[in-house]
Each structure stands twice: as C-alpha cells, then as structure tokens.
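Summary of structural features
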2 protein chains.
Amino acid sequence: MRDTIQTLLAGDLPRCALCQIKSIGICANSGEEELSWLEDAKLYRRYCAGSMITFAGDRLDYVGSIMTGIASIGGTREDGRRQTYGVLMPGDFLGRPGRAISSFDIEAITDIELCGFKPAVFDNLLDKAPQLHARMLEMTLDELDAARAWMLMLGRKTAREKLCSLLVYLLDRQMRLDETQTTPLLRLPLTRERIGDFLALTLETVSRQFSALKRDGIIQDLERHAVSIPDPARLRQEAGTDPFHAR
Amino acid sequence: MRDTIQTLLAGDLPRCALCQIKSIGICANSGEEELSWLEDAKLYRRYCAGSMITFAGDRLDYVGSIMTGIASIGGTREDGRRQTYGVLMPGDFLGRPGRAISSFDIEAITDIELCGFKPAVFDNLLDKAPQLHARMLEMTLDELDAARAWMLMLGRKTAREKLCSLLVYLLDRQMRLDETQTTPLLRLPLTRERIGDFLALTLETVSRQFSALKRDGIIQDLERHAVSIPDPARLRQEAGTDPFHAR
DNA sequence: CGAGACGTTGAAGGTCTTCAAAAGCGGTGG
DNA sequence: CCACCGCTTTTGAAGACCTTCAACGTCTCG
C-alpha cells in the first residue's frame, strides 16, 4: 500500500506562477510581494483516496488549499449518523485560521494534492498580508452563503430535488474546472452512501431516485461513478427553484 | 402606527464606551484609534417588531450590529416554502461587506436597535482598520461553524430533537446576554410558524412536539411566548448528541 | 364584543426509512 | 481462468414519521 500522506518542501516545488488555482485560491488577490512570502513558506501535501485528512477534534498541523482532487467535509454524531457539509474542490481552503483544533472530519475522496502552510506560519502571513486577509474573508463569506443555500435545500427539498440539486452543483463545478468540456458526462466520485450523507437521505433512497431519474430520461448511462446529463436545463428545473449555486 | 424605521445620527449618540455589546460585537478587537473612527461614523437605526429590514435582492443601504432585540435571517422559495437560517441577537452582524445586494430576508422579530454604517463607509473602515477586519473574519468563521452545525441538525434530527435543540440554543444565548438570570424561564419571541421555518417543520408538528415535551415533563408552564425549563441538562439530552452550540 | 391571528388537536395520507434479499463489480488466490 | 469474497448497488415490502387538511379553541386589540 502507498503512503497515505506525503509532504513536499518548498524549494523542490513548482513556482506559483504556474499554479492551476492561482486565480481562484486564497492567494488570488495577492500582489507580487505577498506572493513571494507565500512562495517561500508553502508546503505541498498529498493524500491517497479514502484517507482521512483530519478527524473532528484533532489538532491541525497544516492548513491549505486543494490543488487537485476532491475532499468532503462533514461531521459524525455519536450514534453514527453522519452529515456531509460540503465538497472541497480545487481552490477551496481547508482548515481554520486561529484555531488549532478541527471541528470537522475531512476525507480525501480522490487522491489529493494540497498547497498549504503550518498553522502558525499562516496566521503570521494573515497578519502581515492584507490582500491575503481580505481574500480569506471573501472566501469565508462565500462559504457561508453556500452553507445557507445548502440548509434551504436540506430542510425544504424532496429527495428528487435534492439529488438533482447535487448533480447540478457537481456539474457546474466540473464545468468551471474544465471549461473545454462539452460532453454531458458527469463524474461521480462519491458512493451512494456518501451522496446520502450529503443530502441527508439513506443510500437506498438515493439509489431509488437515481433509478427514477433514469426512467424519466433526465439522466442516461448511469454507472457507478459517472452519469450523462443530456439536458442540463431540464435537470436544473427538476432541482427546484434556487438550487444552491456554485461559489 | 409608529414609523417602522428610524435613523439616528452620530453626535446625538451614546459613547461606544457605554455600549452593551462592545465586548462581543464587530468592534470587540479594536483599539482606541479604530474605535474613534467607528464612533465618528456610526449611525443608529431602529426597526419595529414585524418589519422587514431587508428582502433578498434588495440593495443594502446599511450594515451593522444588533444592539437590542432579535431578528431572523432566512430565504423564501418561489413556491412559498421558507427556511430560516438563523436568529440574529445582540452582537450579531447584519449585512455583507463588499456586496451591495442582500441575499436574504431579514425580519425584525422584536423591536430592534442597530449600530451600523453606510456600506461604502464600512468597506473603507475594513480596509484601514486591521483589528476590525480580523474581528470580521473571526465572526464570519464562527457563523460558518454555526451554519454547519445547523445543517447537521436539519438533516439528521427528529422533530423532537430539533425542537429541543432550538430551545437549548435560545436558552444558551439568553443566559449569555443576561448572566444574572437563574430562573428557568425561557422567552420565546417566535411564533410556532417561525419556529417551523427554522427547524424545517410545519407549525402543527411544532405544536404537537411542544405538547409532547410538556406531557413528558421536559418543559413546564408552556405559554405562547415563554416556557420554563426545569432541568436544562435533561433538555440537552433530549436534543440529541452535539446540539449546535451557541457561538 | 367581535374579528383576526395564533395555537391545539385529530384523522388520513405521502414520503422516506428500515429491514431484507439478491445482483453487480472488483480484487485475490487456488 | 474461474470460484470466491467483500463491498456497493438495486429493488421490494412494511412501517414510522411528518405533513396536509380540517375543525376548534384561545388570545389580543380595536
């Protein structure tokens, strides 16, 4: 088995100028001076698909942004009931400045590459780099909006609307990352159970709704980890009004 | 009928040093210099119980903190289904810096006094006042945590657990505001319908759960706008593990 | 007092969950 | 290669929980 975690040090790392997420990440606002500080301090990390990046309650020894791959952020109750709060995709930030202990479980869904910092180093950077600080606030406010839109979904949508909302969300984010894509193929790295954690449904209900959407022609070629969406507009309609918009 | 909105200008206003929320509000971190800037720019506003402070989509002409009273923040779908995202209490901030349009409905539940600023003025203050900016980030991160805890509740709790969770939350916040209080009396400014919006339940279910909690002795002296909680620990237990903690 | 808003309670019904069984998929080892 | 195992997915049937619809009770304020 491969190592689940691997850390790479600055010096060996590619320059920020070549970074895929430089226009959407935490560093998007920073000018040359701030970027050079970040460049000097950055550490890369890799996690294998399926490994836990943090458990709720753990001490965090690293904060940073996803460069490639997908992670989920969620919580577990003592009786085992789980809720996923969101999907973390390239550009998203992971970890909370000014707090040493994670409040959430974060799991690598696919293999993941992170670009980040030791928490103390990052806190210092935030203090002396106003553009970084402003971007951090902006991203946090966006996340809060997304969390609230998600709440409306959890509370007030039917199972079918929920699943369609998730598909719309994943499709939007996939399109944003790969703008050249025109085929209606949506990758689904999540299992039915994880989708259920996400939407507050059981895996059986998720499966049944997939079958129903297929029967109604809203999705096609349903496979385990992919599905094609012949008519995204139709899917959006099925998601109900105001599906939670991508950030 | 009284005016629903009333604005008071700086100069006539009490000094920040006397403010009830100075240790928990947006200004809590600021030193003397920053405070004097805030003091010069602040405007008070009053809203009557029941009036809308903003509708989703409205242009915001004011951002600020609640000094007294309670407001709710929520969204409405086109079919009329509503979801409340949170209660805003003294110290909480209302409005989003850097964005002119409100994403949410905000309604005054009781009479409200706000201390705030014109949006452009506040954005300028954020730029030049690092302690204010840092406090803004901290409060936003806290709100994000609260929103996620709320999501777990919406998705994974039964009606009884939901109602108990809300009562625990309101009790905690009431205790925090008035630390001298020892009686187990909880004020409930919300109607059954608003509680339902909050918990994603119908008003009938809320009412039935209140009756059930009374029958089981977990609450007593149930009235329209107040209830007594003889044993808060018991209530907390009924709320299920990990009720969403007050900020 | 009377009107209107808010709250309670009952009965019927729908949606989602729970429990259960079987099929599909992917990897391992004989 | 194929049988076997574990894990995921699908599908069915029964039942729980919450909603919907409806009626009635209660409070408040002009």
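The name given to chain A in an unreviewed UniProt entry is CRP/FNR family transcriptional regulator, and the organism recorded there is Roseinatronobacter thiooxidans.

In this section: the UniProt feature "domain: HTH crp-type" (unreviewed entry) in chain A. Under the feature "domain: HTH crp-type" (unreviewed entry), the UniProt entry names residues 157-233 of chain A. Along residues 157-233 of chain A, the helical share is 55% and the strand share 8%, with 18 Å between the first and last C-alpha atoms.

The next subject is the sheet that holds strand β3 (residues 52-54) of chain B. An order of β3-β8-β5-β6 (chain B) is seen for the 4 strands of this open sheet, with the pairing classed as antiparallel. Unpaired on one side and paired on the other, β3 and β6 (82-88) of chain B mark the two borders of the sheet. Direction aside, neighbouring strands of the sheet carry axes that sit 30 degrees apart on average. Of the pairings in the sheet, the one linking strand β5 (residues 71-76) of chain B to β6 of chain B comprises 6 bridges and is antiparallel in character. Opposite S72 of chain B, over in β6 of chain B, you have V87 of chain B as the bridge partner. Across the sheet, helix α3 (residues 130-156) of chain A lies against β5 and β6 of chain B, angled at about 130 degrees from β6 of chain B, the strand it touches most.

The next thing to look at is the domain arrangement of chain A. Residues and elements named next belong to chain A. Along its sequence, chain A is carved into domain 1 (5-136) and domain 2 (157-238). Of note, the centres of domain 1 and domain 2, computed from C-alpha atoms alone, are 27 Å apart. Across the boundary between the two partners, domain 1 contributes 13 residues, which contact 11 residues of domain 2. Counting the surface lost from both domain 1 and domain 2, the interface buries some 1200 Å², and carbon and sulfur atoms represent 58% of this. For the interface between domain 1 and domain 2, the tally reads 4 salt bridges. The shortest N-O distance in the salt bridge between D92 and R173 comes to 3.1 Å. Viewed at the interface, domain 2 and domain 1 are joined by 7 residue pairs in polar contact (both at pLDDT 80 or more).

In this section: the sheet that holds strand β3 (residues 52-54) of chain A. Strand order in the open sheet formed by 4 strands is β3-β8-β5-β6 (chain A), and the pairing between neighbours is antiparallel. Since the sheet does not close on itself, it has two edges, and those belong to β3 and β6 (82-88) of chain A, each with one partner. Adjacent strand axes in the sheet meet at a mean angle of 30 degrees when their direction is disregarded. Pairing of β3 of chain A with strand β8 (residues 105-108) of chain A involves 2 bridges; the strand directions are antiparallel. The partner of T54 of chain A across the bridge, within β8 of chain A, is I106 of chain A. Running over the sheet, helix α3 (residues 130-156) of chain B touches β5 (71-76) and β6 of chain A and is turned about 130 degrees from β6 of chain A.

The next subject is the interface of chain B and chain A. With 43 residues of chain B at the interface, the matching set in chain A holds 43 residues. Both faces considered, chain B and chain A share a buried interface measuring about 4000 Å² in area, 59% of it formed by carbon and sulfur atoms. Between the two partners, chain B and chain A, sit 12 salt bridges. The set of elements that each furnish at least two residues to the side of chain B that touches chain A consists of β5, β6, α3 and α5 (192-199) of chain B. For the side of chain B that touches chain A, the leading source of residues is α3 of chain B, giving 19 residues. Among the residues forming the side of chain B that touches chain A, the class breakdown is 17 nonpolar, 11 polar and 15 charged.

Placing chain B over chain A gives an RMSD of 0.1 Å and needs a rotation angle of 180 degrees, together with 0.0 Å of translation along the axis. Taken together, the rotation angle and the small translation identify this as a two-fold axis.

On to the protein's contact with DNA strand C. In the vicinity of DNA strand C there are 18 residues, among which A159 and T205 of chain A together with R192, R208 and S211 of chain B approach most closely. In DNA strand C, the atoms that sit within 4 Å of the protein are 61% sugar and phosphate, with bases accounting for the remainder. Within the contact set of DNA strand C, a base oxygen lies 2.9 Å away from a side-chain nitrogen or oxygen of R208 of chain A. Between DNA strand C and the protein, one listed contact pairs a base nitrogen with a side-chain N or O atom of R208 of chain B at 2.8 Å. Broken down by element, the surface near DNA strand C gets its largest block of residues, 5 residues, from helix α6 (residues 203-215) of chain B. Tallied by class, the residues present in the surface near DNA strand C amount to 5 nonpolar, 6 polar and 7 charged.

Conventions and cut-offs
- Residues numbered from 1 in each chain as written.
- Chains lettered and ligands numbered in written order.
- Predicted model: local features only at pLDDT ≥ 70, side-chain atom pairs only at ≥ 80, totals over all residues.
- Heavy atoms only, no water.
- UniProt positions renumbered as here; feature names shortened; annotations may be inferred.
- Helix = DSSP H or I, 4+ residues; strand = E, 2+ residues; numbered from the N terminus.
- Pairing = 2+ DSSP bridges.
- Axes fitted to C-alpha atoms, helices over the stretch in contact; angles between N-to-C directions.
- Contact = heavy atoms within 4.5 Å.
- Domains from an automatic or database assignment.
- Buried area = accessible area lost by both parts, 1.4 Å probe.
- Salt bridge = Lys/Arg side-chain N within 4 Å of Asp/Glu carboxyl O.
- Polar contact = N/O pair within 3.5 Å; in protein donor to acceptor, adjacent residues only side chain to side chain.
- Nonpolar A, V, L, I, M, F, W, Y, C, P; charged D, E, K, R; others polar.
- Least-squares fit on C-alpha atoms with pLDDT ≥ 70 in both.
- Near = heavy atom within 4 Å.

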